[in-house]
Amino acid sequence: MKCENCTKKECSKKQKNDDAQSRSVDALSSNDDFEEKNEFHTLADAKILLSDCLACDNCMTSEEGARVFQQNQKELFRILNLNKKCDTSKHKVLAVSICPQSLPYFAAKFNLSVNDAAKRLCGFLKSLGVHYVFDTTIAADFSILESQREFVQRYQRKNQEEHALPMFASACPGWIRYAERVLTNLVTSHICTAKSPQQIMGSLVKGYFARQQNLSPDKIFHVIVAPCYDKKLEALREDFYTALYNSQEVDCVLTSGEIVQIMEQKNVSMKDVTEVAVDSLFGEMKEGDVVRHDGKRSDGYLEHIFKHAAKELFGMDVKEITYKALKNKDFQEVTLEKDGETVLRFAAAYGFRNIQNMVLKLKKGKFLYHFVEVLACPGGCLNGKGQAQTEDGKPDKALLNQMEEVYAAIPVRLPETNVYVQKMYQDWLEGMDSRKVQETLHTKYSAVNQTASSLDIKW
């Protein structure tokens, strides 16, 4: 059977994945003790279906598959149960970080304001036994700022370095996995090296926050609540692992939908939960109202980088960006003209079909863009398949429209204006141009499996 995302002529992915899932989940479940099985025993095990992400036989090893299936609600409750036992040496500080694109889902689903949804979600998680609940917007601040700086540097080197441009965004793990495992060095050398917000949040929680709390990173169990399944794969990357402490930066990823499953299992509605202010990484203070970045359905890398590049490279202040839709609403471009010449040409490419068309143009040498914001999900991050789906696995268009309205109404905060980010650059990262910035906020992307069939792209 050939799946919708497969790049090969034949694909036996579904049967192999189904068999692997059954074996992996059975093996993992057999290690649970009675107490851990007793609570939430009817929760569905984590499964990544054909239409849920870009991972396939080419992209995911059996070991990765087993570890992905372990990232489910049962893993969260395994830690909660450990914390109830007398052996304090096995206790963990449980921290949950919530992606901004997940909050509109909870707000729309339970008919709440986004600020109420954030506080009630925090209250629910803490009622389970979670110690800290964070907002990942600050991690996106770092990711955007580092992406902006890298783009300007690449643009300035474009005549000296063959692979300086175009630059592709690095925030979407589905796109990154596909690029590394299928598209090879044709694409990977063009990917921005800034870590995604999820993984920068991992560095913040297990680096900065752990130090502030005088905790070893392995004593923190860090969970991300995210809109899509691909982020489970991202959390497993070897470059996001600290061997000294035997600790991943992100230990477990749960989708927004999986959190709702826990609520349903406990027969709890968000409207019944006590509001609790979201925690801050900075001591006893709490987060204020929810804010977001520019961008209709994502963290707005295109808009932020475009405006920054216009200012830094050409001395032009761009207040509003005008998108021009091309073949479809998920492939749009933005241009900047100076003295009658187009000096910047950016694009947003959402969804697998647009990614394929983009790569085809790159292969043919007909690629005109300086930067592309690439997202695997059609419609962007709000449409992640871990939240905006009906029970039969189809997009819930009515819910998605509500989520878009909620997200658009959230006030925008420029990452440059976050005083805590600027303070952390100086106090924790030792300056914006330091080696620690490169080690903490950046990574490298490279081809993993190069085969002749990897480039056999069929549209």
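Cut-offs and rules
Throughout, residues of each chain are indexed from 1 in the direction in which the sequence is written. Thresholds applied to this predicted model are a pLDDT of at least 70 for local features of residues and 80 or more for the giving and counting of side-chain atom pairs; totals over whole chains, interfaces and linings are not thresholded and use all residues. The side-chain values count all of the structure's non-hydrogen atoms but skip hydrogen atoms and water molecules. In this text, helices come from DSSP runs of H or I with a minimum length of four residues, and strands from runs of E with a minimum of two, each type numbered from the N-terminal end. Contacts between residues were defined by any pair of non-hydrogen atoms, one from each residue, lying within 4.5 Å. Values of accessible area rely on a 1.4 Å probe in the Shrake-Rupley scheme; residue burial ignores everything except the protein chains shown. Relative accessibility decides the category of a residue: with a 1.4 Å probe and only protein chains considered, values under 20% of the type maximum give buried, values over 50% give exposed, and everything between is partly exposed. Think of a polar contact as two N or O atoms within 3.5 Å of one another; within protein, one of them needs to be a possible hydrogen donor and the other a possible acceptor, and neighboring residues in sequence only count if both atoms come from side chains. Exposure above 30% relative accessible area and the absence of a salt bridge qualify a residue for a patch, where like charges join within 9 Å and nonpolar side chains (Val, Leu, Ile, Met, Phe, Trp, Tyr) within 5 Å. Each reported salt bridge corresponds to a side-chain nitrogen of Lys or Arg within 4 Å of a carboxyl oxygen of Asp or Glu. A pair of strands is considered paired only if DSSP assigns at least 2 bridges between the two. For helices, the fitted axis covers only the stretch in contact; all axes are lines through C-alpha atoms, and the angles between them, taken along N-to-C directions, range from 0 to 180 degrees.

Asks: So what exactly am I meant to see when it comes to the overall build of the protein chain here?
Replies: Of regular secondary structure, the protein chain possesses 17 helices and eleven strands. Taking the contacts inside the protein chain whose residues are at least 6 apart along the sequence as the reference set, 76% of them involve residues at least 24 apart. With the model as given, the accessible surface of the protein chain reaches about 20300 Å², and the carbon-plus-sulfur share is 47%.

Asks: Help me out: how do you make sense of the side chain of Glu333 in this one?
Replies: Looking at the secondary structure, you find Glu333 in strand β9 (residues 331-338). By relative accessible area, which is 9% here, Glu333 ends up buried. There is a polar contact of 2.8 Å between the side chain of Glu333 and the side chain of Tyr369. Among residues more than four places away in sequence, those in contact with Glu333 are Thr322, Tyr323, Lys324, Leu326, Arg345, Phe346, Ala347 and Tyr369.

Asks: What exactly am I supposed to notice about a nonpolar patch on the surface here?
Replies: A cluster of nonpolar residues, Met285, Val419 and Tyr420, forms a patch on the protein surface that exposes about 260 Å² of accessible area. Mapped onto the fold, Met285 is located in the loop between α12 (256-265) and α13 (301-314). Met285 sits in the partly exposed class, given a relative accessible area of 34%.

Asks: Can you walk me through the sheet that holds strand β3 (residues 167-168) in this structure?
Replies: The pairing of strands in a sheet happens through backbone hydrogen bonds and is either parallel or antiparallel. Read from one edge of the open sheet, five strands run β3-β11-β10-β9-β8, paired in mixed fashion. The open sheet has two edge strands, β3 and β8 (324-328), and neither has a second partner. In terms of strand pairing, strand β10 (residues 341-350) meets strand β11 (residues 371-375) through five bridges, oriented parallel. Residue pairing for β11: Ala347 is matched across the bridge by Val372. Along the sheet face, helix α14 (residues 352-363) touches β3, β8, β9, β10 and β11 and points at about 145° away from the line of β11.

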